[in-house]
Amino acid sequence: DVKVTQSSRYLVKRTGEKVFLECVQDMDHENMFWYRQDPGLGLRLIYFSYDVKMKEKGDIPEGYSVSREKKERFSLILESASTNQTSMYLCASSGIAFQETQYFGPGTRLLVL
Amino acid sequence: AQKVTQAQTEISVVEKEDVTLDCVYETRDTTYYLFWYKQPPSGELVFLIRRNSFDEQNEISGRYSWNFQKSTSSFNFTITASQVVDSAVYFCALVYGGSQGNLIFGKGTKLSVKP
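Student: Please explain the overall build of chain B as it appears in this structure.
Tutor: Each helix and strand in chain B was counted, giving 0 helices and 12 strands. Traced from its N-terminal end to its C-terminal end, chain B shows the element sequence β-β-β-β-β-β-β-β-β-β-β-β. Here chain B has a C-alpha radius of gyration of 14 Å; the compact-globule value for 115 residues is 13 Å, and the two agree. Contacts spanning at least 24 positions in sequence make up 56% of the contacts within chain B whose residues lie at least 6 apart. Only carbon and sulfur atoms are counted for the fraction: they give 48% of the accessible area of chain B, which is about 5,500 Å². For chain B, the separation between the mean place of its 11 positive charges and that of its 12 negative charges on side chains is 4 Å.

Student: What is the right way to read the pattern of salt bridges from this model?
Tutor: Side chains that differ in charge, positive against negative, can pair when their charged atoms come close. Residue and element names in this part refer to chain A. With the rule as written, the count across this model stands at 10 salt bridges over all chains. A salt bridge links R44 to D38; the nearest nitrogen and oxygen atoms lie 2.8 Å apart. Looking at D38, the relative accessible area reads 11%, which means it is buried. Across the pair E69 and K53 runs a salt bridge whose closest N-O atoms are separated by 2.5 Å. Taken together, the positions of E69 in strand β7 (residues 64–70) and K53 in the loop between β5 (42–49) and β6 (56–57) put the pair 16 residues apart, joining distant regions of the chain. Because the salt bridges share partners, they merge into one network encompassing D28, E30 and K71.

Student: I would appreciate a short explanation of the interface of chain A and chain B in the present structure.
Tutor: Where the parts come together, the accessible area they lose is often given as the size of the interface. Counting from both sides, the interface comprises 22 residues of chain A and, opposite them, 22 residues of chain B. For the pair chain A and chain B, the summed buried area comes to about 1,800 Å², and 57% of that belongs to carbon and sulfur atoms. It is A:F98, A:Q99 and A:F104 that lose the most area in chain A upon contact with chain B, and together they represent 33% of the buried surface on that side. Counting every contact that joins chain A to chain B gives 0 salt bridges. On inspection of chain A and its partner chain B, the count reaches 4 residue pairs in polar contact (both at pLDDT 80 or more). Secondary-structure elements contributing two or more residues to the side of chain A that touches chain B are β4 (31–38), β5, β9 (87–94) and β10 (103–104) of chain A. It is β5(A) that provides the largest number of residues to the side of chain A that touches chain B, a total of 4 residues. Across the side of chain A that touches chain B, the residue classes break down as 12 nonpolar, 7 polar and 3 charged.

Student: What's the story with the side chain of B:N76 in this structure? I'm lost.
Tutor: Residues and elements named next belong to chain B. Topologically, N76 is positioned in strand β9 (residues 74–79). What makes N76 buried here is its relative accessible area of 19%. Ignoring any residue separated from it by four or fewer positions in sequence, one finds N76 in contact with T20, L21, D22, C23, W36, S65, W66 and N67.

Student: When you look at the nonpolar core in this model, what are you seeing that I'm missing?
Tutor: It is characteristic of soluble globular proteins that their nonpolar side chains tend to be buried jointly. Of all hydrophobic cores here, the largest spans 24 residues; its most connected members are B:W36, B:F77, B:Y90 and B:L111. Of all elements in the fold, only β2 (10–14), β3 (19–21), β5 (32–39), β8 (64–69), β9, β10 (88–96) and β12 (109–114) of chain B reach the threshold of two or more residues within this core. If you tally residues by element for this core, the top one is β10(B), at 5 residues. Aside from chain neighbours lying at most four places away, what touches B:Y90 is B:Q6, B:L21, B:W36, B:Y37, B:K38, B:L48, B:Y64, B:F77, B:I79, B:G108, B:T109 and B:L111. Formed by 21 residues, the second largest nonpolar core is a distinct cluster that contains A:L21, A:M27, A:V66 and A:C91.

Student: Teacher, can you tell me more about the sheet that holds strand β3 (residues 19–25) of chain A here?
Tutor: One key point about sheets: their strands pair by backbone hydrogen bonds, in either a parallel or an antiparallel sense. Residues and elements named next belong to chain A. With antiparallel pairing, the 4 strands of this open sheet are ordered in space as β1-β3-β8-β7. The open sheet terminates on both sides in strands that have one partner only, identified here as β1 (4–6) and β7. Within this sheet the neighbouring strands show an average axis-to-axis angle of 20°, counted without direction. In this structure, β7 lies alongside strand β8 (residues 73–78), joined through 5 bridges in antiparallel fashion. The partner of S65 across the bridge, within β8, is I77.

Student: Looking at this structure, I do not really get the packing of aromatic side chains. What am I missing?
Tutor: By convention here, two paired aromatic rings are described through the distance between centres and the angle between planes. This model, assessed by the stated rule, comprises 22 aromatic pairs over all chains. Relative to B:F105, the ring of A:Y35 has its centre 5.8 Å away and its plane inclined at 85°; by these criteria the two rings are edge-to-face. In this pair, A:Y35 is assigned in strand β4 and B:F105 in strand β11 (residues 104–105), connecting two distinct chains. Ring geometry for B:W66 versus B:F77: centroids 5.0 Å apart, planes at 5°, classification stacked. Taken together, the positions of B:W66 in strand β8 and B:F77 in strand β9 put the pair 11 residues apart, joining distant regions of the chain. In this structure, B:W66 and B:F77 share a single accessibility class: buried.

Reading guide: rules and limits
- Residues numbered from 1 in each chain as written.
- Chains lettered and ligands numbered in written order.
- Predicted model: local features only at pLDDT ≥ 70, side-chain atom pairs only at ≥ 80, totals over all residues.
- Heavy atoms only, no water.
- Helix = DSSP H or I, 4+ residues; strand = E, 2+ residues; numbered from the N terminus.
- Rg over C-alpha atoms; globule rule 2.2 N^0.38 Å.
- Contact = heavy atoms within 4.5 Å.
- Areas by Shrake-Rupley, 256 points an atom, 1.4 Å probe, with all protein chains shown as cover.
- Lys, Arg positive; Asp, Glu negative; His and termini not counted.
- Charge placed at Lys NZ, Arg CZ, Asp CG, Glu CD.
- Salt bridge = Lys/Arg side-chain N within 4 Å of Asp/Glu carboxyl O.
- Buried < 20%, exposed > 50% of the residue type's maximum accessible area, 1.4 Å probe, protein only.
- Buried area = accessible area lost by both parts, 1.4 Å probe.
- Polar contact = N/O pair within 3.5 Å; in protein donor to acceptor, adjacent residues only side chain to side chain.
- Nonpolar A, V, L, I, M, F, W, Y, C, P; charged D, E, K, R; others polar.
- Core = buried A, V, L, I, M, F, W, Y, C linked by side-chain atoms within 4.5 Å.
- Pairing = 2+ DSSP bridges.
- Axes fitted to C-alpha atoms, helices over the stretch in contact; angles between N-to-C directions.
- Phe/Tyr/Trp six-rings, centres within 6.5 Å; stacked < 30°, edge-to-face > 60°.

Structure (structure tokens):
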């Protein structure tokens, strides 16, 4: 069974803190993705990675960075959290071909105070 | 432009009613894939179906069925005899050869099934 896990379901942080969101997949997938989901805006792609140490910007990369040191793990980093980064963050993974299905983790609800 | 439109923002039905969720897409590519995902209140997006642009056969899986019509660029999803557990947000999504595997999502349709 496919499995994508995220380090936290709920997270509360203070403005200015450095925040790490971790995502791990056990399907040996090449591609990994980070999205944020906001009411009325739907899902928006932040960053994606198609290989270890490779990363590509998505639609809204500002204020975020990512790290992929191992194939199974993709981290999203908020260098200095701000209140407008309060959101639901979803991680996904897929095989290398463009048509491969993306499988999602349970999501992390982040509140920045 | 590549785009997915889910015109229905929210739908409310009573249990056992049939309900159809609409999805209209735009793409210039001849090879593309369409997806439906379900997001229950817990938050996780659950994959339901993937369809490629060369296969217009309708698909049925239990109470779920999908109608793909290239002539109208639509990929609609019908739930027959809806149940309370079907309450969720449903997303339609598109991927095409030039998108590097990045899904283009519709804004989602929130379905509420009342007992």
